[in-house]
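# Structure assessment
Single-letter residue listing:
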Amino acid sequence: MKPNPIFSCWIILLLSTGLSAQESKREKRKLTHVGIAFTNSHTAMPFGSLSKLITGNHHPGVEFSTGLIWKSKPRHNWIQTFNAGYSYHRWVQHSLLLYSEIGYRYKFPAGFFAEAKLGGGYMRAIITTETFAAGVKEGQQYGKILSGRSHGIASLGFGIGKKIKAPYECNLFMEYQQRVQTPFIQSYVPLLPYNILKVGITLPIKH
């Protein structure tokens, strides 16, 4: 029996979150920030065309995030993020997202930083057009699948940012993310890749 990729992604996400919670409790780690990012995406091969995310068709979205720091040094951090989002791919689907990432952040002088993150999680996709079944009787069709379908996702992201200290302490950032949705169409499109551009802000959580 073939492993279910959605089930596997859920197990990875739950184990990651559970271990994070247990470790955070032992070492009294706390969530460090809340954030919001506005996104644009298109379906393309990995690292296909960054320019089209700015000049091409727009498929907008928004993501909310929080996270914690596993290890902090003067020049770098090991981090984990927890993300929930929504995106709209015109003429194809609405997507609800829930995923987590593990990443590395390098801190440059003057508050600049760069980071790389690897993640995985869950997507609920709701199609925006009528769907049909081959071989059914004339006039018979399936309506919109309002409840949506479940998919697994994996992501790889690279970002840059700047810490702003005045008048409000925050981080401004821009990130390029490569995301894979699986399965898109079970029978013949097992993987659907996305190129995604994020621009956002994070605010610290005061403890």
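Since the structure is predicted, the reported quantities are computational estimates derived from the model, not experimental observations. In every chain, residue numbers begin from 1 and rise along the written sequence. Selection of residues for local features in this predicted model requires a pLDDT of at least 70, selection of side-chain atom pairs for listing and counting requires 80 or more, and totals for whole chains, interfaces and linings are taken over all residues. Side-chain figures throughout are based on the complete set of non-hydrogen atoms in the structure, without hydrogens or water.

## What to know about the overall build of the chain
Basically, it comes down to this: Comment: elements are numbered from the N terminus, with helices defined as DSSP H or I runs of at least four residues and strands as E runs of at least two. Here's how the labels work: a residue is buried when its accessible area is under 20% of the maximum for its type, exposed when over 50%, partly exposed in between, all with a 1.4 Å probe on protein chains only. We call two residues in contact whenever any of their non-hydrogen atoms come within 4.5 Å of each other. For the accessible areas, the method is Shrake-Rupley and the probe is 1.4 Å, while residue cover comes only from the protein chains on display.
Check the secondary structure of the chain and you find 2 helices and 8 strands. Reading the chain from its N terminus to its C terminus gives the helix and strand order α-β-α-β-β-β-β-β-β-β. Among the 207 residues that make up the chain, the fraction classed as buried is 38%. Summarising the internal contacts of the chain: among those between residues at least 6 apart in sequence, 62% fall at separations of at least 24. When the accessible area of the chain is evaluated, it comes to approximately 12,600 Å², of which 68% is carbon and sulfur surface.

## So, the pattern of salt bridges
Note the threshold: The salt bridge definition used is simple: a Lys or Arg side-chain nitrogen within 4 Å of an Asp or Glu carboxyl oxygen.
Within this structure, the stated rule accounts for 8 salt bridges. E101 is paired through a salt bridge with K117; the nearest N and O atoms lie 3.7 Å apart. Within this pair, whereas E101 is found in strand β4 (residues 93-107), its partner K117 is found in strand β5 (residues 112-127), the two being separated by 16 residues in sequence. Assessed through its relative accessible area of 8%, K117 is described here as buried. A salt bridge links E169 to K163, with the nearest nitrogen and oxygen atoms 3.7 Å apart. Residue E169 is classed as partly exposed on the basis of its relative accessible area of 37%. Given the relative accessible area of 34%, K163 is considered partly exposed. Connected via shared salt-bridge partners are E101, R105, E115, K117 and E175.

## As for the packing of aromatic side chains
What counts, and what does not: Each pair of aromatic rings taken from Phe, Tyr and Trp, with Trp reduced to its six-membered ring, is defined by centres within 6.5 Å and is described as stacked if the planes are under 30 degrees apart, edge-to-face if over 60, and tilted in the remaining cases. Here, over-ring charges are defined by two tests on the NZ atom of lysine or the CZ atom of arginine: distance to the ring centre within 6 Å, and angle to the ring normal within 35 degrees.
Applying the stated criterion across every chain, the model contains 2 aromatic pairs. Seen in terms of ring centroids, Y106 and F108 are 5.0 Å apart; in terms of plane orientation they differ by 70°. Their pairing is edge-to-face. Above the ring of F113, the side-chain terminus of R105 is found at 4.8 Å from the ring centroid. Above the ring of F112, the side-chain terminus of K162 is found at 5.3 Å from the ring centroid.

## Considerations on the sheet that holds strand β1 (residues 33-43)
To keep it simple, the criterion reads: The criterion for strand pairing is that DSSP finds at least two bridges linking the strands in question. For helices, the fitted axis covers only the stretch in contact; all axes are lines through C-alpha atoms, and the angles between them, taken along N-to-C directions, range from 0 to 180 degrees.
Read around the closed barrel, the 8 strands follow the order β1-β2-β3-β4-β5-β6-β7-β8; overall the barrel is antiparallel. Within the sheet, the average angular offset between the axes of one strand and its neighbour, ignoring direction, is 25°. Pairing of β1 with strand β2 (residues 60-72) involves 8 bridges; the strand directions are antiparallel. Each residue of the ladder has a partner; that of T39, found in β2, is G61.

## Some thoughts on the nonpolar core
Our working definition: Residues enter a nonpolar core if they are buried and are Ala, Val, Leu, Ile, Met, Phe, Trp, Tyr or Cys, with the set joined through side-chain atoms within 4.5 Å.
Core analysis: the largest hydrophobic core is formed by 5 residues, namely L97, Y99, M123, A125 and I153. Sorting the residues of this core by element identifies β4 and β5 as the ones contributing at least two each.

## Here's the deal with unusual backbone geometry
Here A110, not a glycine, exhibits a phi torsion of approximately 65°, which is positive. By the element assignment, A110 lies in the loop between β4 and β5. For A110, a relative accessible area of 58% translates into the label exposed.

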